[in-house]
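Now for the letters of each chain:
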Amino acid sequence: AMKFNGYLKVRIGEAVGLQPTRWSLRHSLFRKGYQLLDPYVTVSVDQVRVGQTSTKQKTNKPTYNEEFSATVTDGHQIELSVFHDTPIGYDDFVANCTLHFQDLLRSAGPSSSFEGW
C-alpha cells in the first residue's frame, strides 16, 4: 500500500443529510421522530486526531469552512467523523468516512489537490 509523507491541508466545508441519533431523539423537545443536531467534525490521520471543527447549533446541514493542517509520516488514511455535542457524558457518533491516501495519490494529477467529498 502506498503511504503518504508530506504536508496535509484539509478544509471542512459542510455536512449534509445528517440523521438524528437515538440520544438526540430521546431528548427531543420537538415533535416525535425529528431532532436537530449540534454537530462537529473531527479529522484524524491513522487514528490520531489532527483537527476538530467548532460545534454548530441545531442543524443537520452545518457549514464550517474550517481548515486544518498536519505533517504526515507514513500516512495510510484520513478519517472524518461527525459527532453530536451532548451536554453530558460522551458525545454521540453520527457518521464517518475514511479516505485512503493511496486512492487520493492515484487520482492526484498535476495539482495534488482534491475536492468534492
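Our structure's up above, just so we're on the same page.
Keep in mind that this is a model prediction, so the values were computed, not measured.

Asks: Teacher, can you tell me more about the nonpolar core here?
Replies: By size, the foremost hydrophobic cluster in this structure holds 20 residues, and its most contacted members are L8, I12, L18, V43, V72, I78 and F101. Elements that contribute at least two residues to this core include exactly β1 (4–14), β2 (39–45), β4 (63–75), β5 (77–84), β6 (92–100) and α2 (101–106). In terms of residue count, the dominant contributor to this core is β1 (four residues). In contact with L18, other than residues within four places in its own chain, are L37, P39, N60, P62, V82 and V94.

Asks: I would appreciate a short explanation of the side chain of T53 in the present structure.
Replies: Inspection of the secondary structure assignment puts T53 in the loop between β3 (48–52) and β4. Residue classification places T53 among the buried positions, given a relative accessible area of 4%. Dropping the residues within four chain positions of it, T53 is found in contact with I12, Y40, V41, Y64, E66 and F68.

The rules behind the values
- Residues numbered from 1 in each chain as written.
- Predicted model: local features only at pLDDT ≥ 70, side-chain atom pairs only at ≥ 80, totals over all residues.
- Heavy atoms only, no water.
- Core = buried A, V, L, I, M, F, W, Y, C linked by side-chain atoms within 4.5 Å.
- Buried < 20%, exposed > 50% of the residue type's maximum accessible area, 1.4 Å probe, protein only.
- Helix = DSSP H or I, 4+ residues; strand = E, 2+ residues; numbered from the N terminus.
- Contact = heavy atoms within 4.5 Å.

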